[in-house]
Amino acid sequence: MRATVHQLVAVRRAATEVTALLPHLDRHRRPRPEPRSQLRLDGVLPVGSVRRCPKRVRAGSSAGHEDGAGSAQDDYGDARRIVGAASALLYIEGLEMADQHGVDRSRLPLRDPPFAGRRGRTLADSTPDWGAAGDVRPPEGAPNILLVLIDDAGFGQPSTFGGPVQTPNLTRMADAGLRYNAMHMTALCSPTRAALLTGRNHHRVGFGSTGEFSGPFPGYTSVVPKDCAPFPKALQMNGYSTAAFGKWHMTPNHVQGPSGPFDRWPSGWGFDYFWGFLGGESGQYDPMIYENNSVDQVYGGPADRSFYLPDAMADKTIEWLHGITAHNDTKPWFVYFSTGCAHAPHQVTEEWHAKYRGKFDAGWDVYREETFARQKALGVVPEDAVLTERDEAFPAWDSLSAEERTLYARQMEVYAGYQENADHNVGRVLDELERMGQLDDTLVLYIWGDNGASMEGTLTGSFNELTMFNGIPLTPEQQLALVNASGGIDAWGGPTTAPHCSAAWAWAGNAPFQWGKQVASHLGGTRNPMVVHWPGNIAAQGGLRTQFTHVIDIGPTILEVAGIPQPTSVDGIDQFPMQGTSLAYTFADGTAPERHTQQYFEIFGNRAMYKDGWWAASKLPRIPWDLTPPTLRRFAPDVLDPDALTWELYYLPDDFSQANDLATRHPDKVAELNALWWQEAEANYVTPLLAGLSAFFGIVPPLSEKTRWTFWGNDVQNFPQGIMPPTLNRSYTITADVEIPEDGAEGVIVAAFDHLGGYSLFVMDGKLHHTYSFIGIETYRHESTTTLPTGNVRVRLEFEADTPVMAPAGTVTLFANDRQIGGGRMDHTVPAFFSGYAGLDIGRDNGEVVDGRYEKLAPFAFTGTIHKVTYDIRPPGQPHNDALHQAQYAESQARHVEA
Ligand SMILES: [Ca+2]
Ligand SMILES: [Ca+2]
C-alpha cells in the first residue's frame, strides 16, 4: 500500500482519466442502505501511508498540516493530485468489471470484458478503460446468505418445533420469519450435504453413502462429477465472498492429506475460506482443525481445557465476517455454518447439561407424548395428526431397571445441553450481524438436522460411539461398568468420554415420526425443521409453510434470491441441471400450490417415493443399528430379491406423521410408486440397489501394493485416519531411528488417536513403552526391561497377528538395536476404526493422549532427535494377508468382538 514519488508521478495523468470515469463507476456500484466510502481522488489515502512518502510530498499532503501552513500552494496541489492518483490505484477494488449487465452469468467463470478504451502508441493518443482491471460484482441487491445446518438432530427436539431442547435463537428467527414443517433431508450426513450444496440428488452427485466409503459405482464414488458444480462456486464466481465453518464430510478419507487433490476439499467447492473438520465428526474438546487446504492445528486437549469447538466456530465465523466487512463492505457474502453438534461425540460442559437435570426421568415414552402435545399447541403439527406407535425394537421405559433409567436419563440430559449450546452459538453469530447492521440484509436459512436424530448409539448408548462402528455391542451391565471405569455417570459428555445416547432417545427426538437417521423410508429419518428469516422480504412474520420441500431446493433458492442464474457451464464443462425447485415462491404465499411434487429417497436400501402427497415407504427389514453378519447375509447379492421387499403407503395431507398404512387398500398406488421409484433410481444412479453396503458383500478396493510408509523427521503431524499406515487386522512393524543424548530423552515417538482407541510408542523414565487402547474397553501396556542406550538407536515394535481374522489377537515385541527388550500380548485389536476423528503424530501426541500417564506433560514431545519412522505392513500377495484384507473390508463393522 506504499507508493514512491516516481510511481505517483507516473500515474498522475491516469488520475485525470479516473476522474472522468467516476460517474460511470458509481452507477455500477451495488446500492446499499448506508452511504459507503466512495472512490475519490483526494483525502482517501490513510494518514499513515502518506507519512511514509518522501518529505516533499508529505509536507504538502493533507495529512501534512502539522508540518506548518507555509508550504508552497503549487507543491501542495501537486502532491494532493499525486496522492490522490495513488489512492485511486490502491483502492481499485472499488471497480467493477465493465458492463456486467451484459455478461452471461450462467457461463462460469465470467468472461473477461473486452477492452473498451483505445491503445495508441503512447498515453497521449490512448483512452483508458478501467473495466478490464475491475472485479466481478454480483447483481444489484444480492443479499448476504447465512446457511446454518445442525447435525443429527430430530424434528421433535428444538423447542421452536415443540421439543424440550431450548432453542431461543431458532425461535427468534422463526418468529420474525417462517417455520417449515415439511422440509426433507436424505437421512444421512454426507448425502444431505452433497445434495444441499449441489442442488442435485445425492446419488446423482456420487454421494449415495458417506465420504468414508467411496464405492465403485457412479452413485457411490464420494466424488461430485464435474457437470454438477456446487452452487457456492456459482456465488464465488459471481462475486460473493464465501466461507464454510465446521463439519464438511465430503472429502473422501484417502485424499484428506497434504497431497490432495484439493478439488475434493471445500476450496474446490467454491469456498474462499474454510475452518473446520473434513470428516463426519470431531471431538469438541480436542478437534483437529483444517484451515483451507491444510491442517491448522489440534486445539484444546489436556493442555487447554478451556477450549470448546462450538464456541470457537462462532468466534471464527465472526472474525471472518469482521475481516471481509473491513476490507469491502459492498461485497455480499455466503456463510455455510455447519455444526458438529448434535452428532456424536455428545460432548458439552456441565453448565449446559446441568439445566436439564431430572427433565428426562420420565423416559422416552412420556417425552414423545409431551412433545406431541406441544407440537399441536404450536401448530407445527396439525390437530388431526396421530402420534405413531413405538416399534418393538425400542423397549418401553417402564420395562427398564432403575440403573438403566439413571444412565439413559443422563445421556439425554447431555444430548439436550449439547444442542442448546449449538443454538446459543448460532445466536452469537446472529447477534453480531445485528450489531453490525447486517442482519436485515441477510437471508438466514436455519435447518435443524441434516437427518433425523441418530440411532447409532444402539439401545444402550455408549460411552464411546466407536464401539458400535467396530461391531462391539454392549449389554447395559457392560455399559455401566465401562461408564464407571471412565469416571462415572458424571463424566458423561466430558473429555474422558466420546458418548452417544440410546437409540430410543433418538427415536423419541424424531417425534411424532417413526425411526430416525439412515432410515430414508420414513419421516423420522428424513424430515427436519427449517426456519427462514429475511425481514423486509418476508411479510408473514411467524408464519408456517407446509409445502413439500427438500434439501436439493436450497441451492436453487439461494441462486434465485441472489439473482444469479443456475450455471449452464462451469470451467468449460456443460452442467447437468439442478434438480431442486426454488422454494422462494413460498416466502410470500403459504397457500401457494407446492412445486416440488415428486422425490425419491434411498439410504442403505431404505427407500421412499413421494408424489403429490402420497408416500410409499420400503424399509429394509432389519433393525437399523444391526450390522451383524447374520443380518447382512439376508441381503447378500445372491439372496436379495428386490421384488420381495414390501411397501407401506401413506397419504400425508391426511396423515402428517405416517401413522396409517394404506398399502393394502391402494395396491395400484403402491405399484405405481414402486415403478416410479425404480425409474428415478435408474435416472439418479441409485442402482445397483444396496451399493451403499457393497463393502459388506465382498466388493472391496484393489489390494494396495504399498507396504512401507516413511515419515522423515518429527514434523509430520495430524495425519487423519484415511491416510495412516493401515495397521488394522495386519501384522506390522514400526521402526524408529532416533538419537538419544547422553543425559537421556523422553517423549512420544509416534502416537495415533487417544485413550478411547489408539496406540503410542514412547520413552519414559529411560524405557521404551507401548500402549494400545482397544476402544477404551481394554488397554494393553508393554515396557522395556532395560533403559534405552544413548546415541543413535533403532527402536522397533513388532506386532505379529495370530491368525488372519478380524480384530486378531497377537504378540508385541519391543527391540532396541535389534535386541529384544520387552513385549507381551494383545487379546483384541481394533477391527475397523480407532476413532471418528483425530490423527497420527510423529514425535508427540496431539489432542487427547493415548496414555494418561503422560497427560500432564501433553503433547509430550520427544526430547531427542527423530531421524525417521518407518511402518512396514506385511507384504500383500501372501494368502495370509489376502485373507486379512478381505476381512478388513468385507466384514468391517460386521463382526462381533466379545468385550
Ligand atoms: Ca448427520
Ligand atoms: Ca492424540
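Residues numbered from 1 in each chain as written. Chains lettered and ligands numbered in written order. Predicted model: local features only at pLDDT ≥ 70, side-chain atom pairs only at ≥ 80, totals over all residues.

An unreviewed UniProt entry annotates the protein chain as Arylsulfatase of Actinoplanes aureus. The UniProt entry for the protein chain carries this comment under Sequence similarities (unreviewed entry): "Belongs to the sulfatase family." (UniProt positions renumbered as here; feature names shortened; annotations may be inferred.)

**With respect to the overall build of the protein chain**
The helix and strand inventory of the protein chain stands at 21 helices and 31 strands. Out of the 899 residues belonging to the protein chain, those deemed buried represent 52%. Long-range pairs, those at least 24 residues apart, make up 75% of the contacts in the protein chain with a sequence separation of at least 6. (Helix = DSSP H or I, 4+ residues; strand = E, 2+ residues; numbered from the N terminus. Buried ≥ 20, exposed ≤ 12 C-beta atoms within 10 Å, placed from the backbone. Contact = placed C-beta atoms within 7 Å.)

**Describing the sheet that holds strand β14 (residues 569-570)**
Spatially, three strands are ordered β1-β14-β15 in an open sheet, and the strand pairing comes out mixed. On the outer flanks of this sheet lie β1 (107-108) and β15 (573-574), each paired with one strand and no other. Direction of pairing for β1 relative to β14: parallel, over a ladder of two bridges. What sits directly across from L108, in β14, is V570. (Pairing = 2+ DSSP bridges.)

**Quick notes on the confidence of the model for the protein chain**
Residues of the protein chain with pLDDT of at least 70 account for 86%, and the chain-wide mean is 88. Considering each helix and strand of the protein chain separately, the mean pLDDT is smallest for helix α3 (residues 47-51), with a value of 28, and largest for strand β9 (residues 333-338), with 99. Low pLDDT, under 50, characterises residues 86-94; the stretch is placed with 20 contacts to residues that sit more than four places away or in other chains. Per-residue pLDDT stays below 50 along residues 889-899; that stretch engages in 41 contacts with residues further than four places along the chain or on separate chains. (pLDDT = per-residue confidence, 0-100.)

**Structural notes on the nonpolar core**
Of all hydrophobic cores here, the largest spans 211 residues; its most connected members are L445, Y446, A616 and I749. If sequence neighbours within four positions are ignored, L445 has contacts with L147, V148, M530, V532 and I554. (Core = buried A, V, L, I, M, F, W, Y, C linked by C-beta atoms within 7 Å.)

**Brief notes about the packing of helix α6 (residues 168-175) against helix α12 (residues 402-435)**
It is the contact of α6 with α12, at a shortest axis distance of 7 Å, that shows an interaxial angle of 50°. As judged from the angle between their axes, α6 and α12 are oblique. Contacts between α6 and α12 involve P168, N169 and L170 from the former and D423, V426, G427 and L430 from the latter. A per-class count over the contact of α6 with α12 returns four nonpolar, two polar and one charged. (Axes fitted to C-alpha atoms, helices over the stretch in contact; angles between N-to-C directions. Parallel < 35°, antiparallel > 145°, perpendicular 65-115°, else oblique. Nonpolar A, V, L, I, M, F, W, Y, C, P; charged D, E, K, R; others polar.)

**Some thoughts on the pairing of strand β10 (residues 442-447)**
Counting buried residues in β10 gives six out of six residues, a clear majority hidden from the surface. Side chains of β10 alternate between two faces, with T442, V444 and Y446 and L443, L445 and I447 buried alike. Across six bridges, strand β2 (residues 144-149) lies against β10 in parallel orientation. Note that in β10 the partner of L146 across the bridge is V444. Both β10 and strand β11 (residues 530-533) contribute to a ladder of four bridges, which runs antiparallel. Along β11, the bridge assignment pairs V444 with H533.

**Quick word on the sheet that holds strand β28 (residues 810-816)**
One open sheet holds the six strands; their spatial order is β20-β31-β22-β27-β28-β29, and the pairing between them is antiparallel. Two strands lie at the open edges of the sheet, namely β20 (708-712) and β29 (819-826), each paired on one side alone. Across the sheet, the mean angle from the axis of one strand to that of its neighbour is 15°, orientation sign disregarded. Note that strand β22 (residues 732-740) and strand β31 (residues 865-873) share eight bridges and pair antiparallel. The partner of T733 across the bridge, within β31, is D872.

**Focus: helix α7 (residues 189-198)**
Burial runs high along α7: ten of the ten residues are buried. Among all positions in α7, only C189, S190, P191, T192, R193, A194, A195, L196, L197 and T198 are buried. Buried-residue contacts for α7 involve α8 (231-237), α17 (554-562) and β16 (598-603). One or two steps after α7, the chain reaches G199, where phi turns positive at roughly 75°.

**Quick look at the packing of helix α9 (residues 309-327) against α12**
Contact geometry of α9 with α12 gives a least axis separation of 9 Å together with a crossing angle of 15°. As the angle between them shows, α9 and α12 are arranged roughly parallel. As for the relative orientation of α9 and α12, their crossing is right-handed in sense. Residues P310, D311, M313, A314, T317, I318 and L321 of α9 touch α12, and the partners they reach there are N421, A422, N425, R428, V429 and E432. Each residue belonging to the contact of α9 with α12 can be placed in one class, and the counts come to seven nonpolar, three polar and three charged. (Left-handed = near helix turned anticlockwise from the far one by under 90°.)

**As for the pairing of strand β6 (residues 273-277)**
Counting buried positions along β6 yields four of five residues, so the element is predominantly enclosed. In this sheet, β6 lies alongside strand β5 (residues 241-247) in parallel orientation, the contact comprising five bridges. Considered in β6, the bridge of F245 is made with W275. Pairing of β6 with strand β7 (residues 288-291) involves two bridges; the strand directions are antiparallel. The partner of G276 across the bridge, within β7, is Y290.

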